[in-house]
Amino acid sequence: MSLFKKEPVDRLIRAKIRLMDSHPFLGLFSFNLRFMVDTHGMIEAYENTILDKEGKPAVSIPMGIDPFGNIYYIPEKLGAYDDDQLYFILAHEVCHQILKHGERVGNRIEQVWGLSTDIATNLILDEDGFQVPPGCLINRKYKGWLSEEIYDDIMEKAEKVPTPCGSGPCIPENCPNRNKRRGSQSSPGDQKCIRDAHIQGEDVPQSIKDLPQPDLDKARLDAFEYAKSIGRLPATIARRWGAELEPKIPWNILLRNMILLTIPKDFTYTRPSKKTQAYGVYLPSVKKEFVEVFFGVDTSGSIGKDELDSFMTEIENFDRTIHGAHFYIITCDAKVHEAEDYYSGSPKLSDFKPSGGGGTAFTPVFEFLRENYPRAKLLVYFTDMFGDQQSLKPERYAFQTIWVITPKHGSPPPFGYVIEL
Ligand SMILES: [Zn+2]
């Protein structure tokens, strides 16, 4: 080895040290992450999920991350990137880990979640003073948005987002190909779109999972406290610390994540989706065959109009963002009033007027499901918890329950997952 030759791993370590110096929060945290040569083809497998019109990989990826704190790289590919680019890609990977993007995917379409978290990450780094290299995904419309919100927006409105450049998965705003596409010459060398691989936990070989795992939650907190103590905490991270990391995620996002985690993963891959074509990524579209959620809405006298409105707003958000869902709204005070079913995008939801006003019981809804919908998998119950929860017998019901409860509420339910408004 020549004394002056830069080995790939040396370049990465130098990037880490530079990060420590310029962005102590990211830098300190990065020392808990492990660099590994990708000998299992995980990056290549990820490349095969981002396809161009011809169905070929649209982009060459040098580096990737998994949810366990490993950063994988392909040594031969790093040579195509200069030190500034490598430094940025490293910061990008560290940021994914800090924001727990890998853990937050739920049942979302992985490729679209990948786009969303890449945009969110690059915008954070941009705001924190990093020079975002040309070719990285960025769309300033989403500045300050959570990845979940970007995802929902892409799923809903991607067709309206400006058309991307080239055949690669670039967002036009920051892409070198943008103007070149309109006729002027370009050389193949500067057509590069910079992407990284987001490797899912289930795709990581057991031999890697068996390695000692760093305590990333502690590392995150240590880096946060250290950067804060020296007055170098990035504003974006300080802001997101509450909203996205600790101590709690906004309840509506948590609820959507919980629903996505609970409903079965029943996607059928069919033809390319138009929605994602707006990003230049040709993904298989998904056909959810059967996503069914039951919403119980407490309409007893103790529920105020504002509370009822917020319950209905969240059901409307669900309707707007989870495509292909079939859902039911069951209103109940001391007895079941309405039991209406809807398909997502159904216009009649806005006409729904819940009725009630009496005392509170939950058992009627549980029994109603048991008798009429034995296939039910998930009940989301909006309530203030002033009812007969203690007399519910969980063993009678085959479905899971998420309770969404008002800030002033009665005693906690004896089972199920609780989200406080
Ligand atoms: Zn990424």
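See the structure printed just above.
1. Regarding helix H5 (residues 83-98)
1) Next: End to end, H5 covers 22 Å across 16 residues, agreeing with the expected 22 Å (1.5 Å per residue, within 8%).
2) Next: Within H5, 14 of the 16 residues are buried, leaving the element largely enclosed by the surrounding structure.
3) Next: Remark: Lys100 follows H5 within two positions and exhibits a positive phi of approximately 55°.

2. A word on the nonpolar core
1) Next: Membership of the largest hydrophobic core comes to 58 residues, with the highest contact counts inside it found for Phe25, Leu90, Ala91, Val94, Cys95 and Ile119.
2) Next: Take this core: its biggest share by element is nine residues, from H5.
3) Next: If we ignore the near neighbours within four places in the chain, the residues touching Cys95 are Leu26, Thr121, Ile124 and Leu125.

3. Observations concerning the pairing of strand E8 (residues 325-332)
1) Next: Of all eight residues in E8, seven are buried; the element is thus mostly enclosed.
2) Next: With six bridges joining them, E8 and strand E9 (residues 336-343) adopt antiparallel strand pairing. Residue Cys332 lies in a different strand from E9, and its bridge partner there is Val336.
3) Next: Between E8 and E9, which follow one another and run antiparallel, lie three residues.

4. With respect to the sheet that holds strand E3 (residues 70-73)
1) Next: Spatially, the four strands line up as an open sheet ordered E1-E3-E2-E4, and their pairing is mixed. What marks the edges here is a single partner per strand, and that holds for strand E1 (34-37) and strand E4 (197-198).
2) Next: Strand direction decides the pairing type here: strand E2 (residues 63-65) and E4, joined by two bridges, are parallel. Each bridged residue has a counterpart across the sheet, and for Gly64 the counterpart in E4 is Ala197.
3) Next: Along the sheet, H5 contacts E2 and E3; its crossing angle with E2, the most-contacted strand, is approximately 10°.

Parameters and conventions
Residues numbered from 1 in each chain as written. Predicted model: local features only at pLDDT ≥ 70, side-chain atom pairs only at ≥ 80, totals over all residues. Helix = DSSP H or I, 4+ residues; strand = E, 2+ residues; numbered from the N terminus. Expected span 1.5 Å × (residues − 1). Buried ≥ 20, exposed ≤ 12 C-beta atoms within 10 Å, placed from the backbone. Core = buried A, V, L, I, M, F, W, Y, C linked by C-beta atoms within 7 Å. Contact = placed C-beta atoms within 7 Å. Pairing = 2+ DSSP bridges. Axes fitted to C-alpha atoms, helices over the stretch in contact; angles between N-to-C directions.

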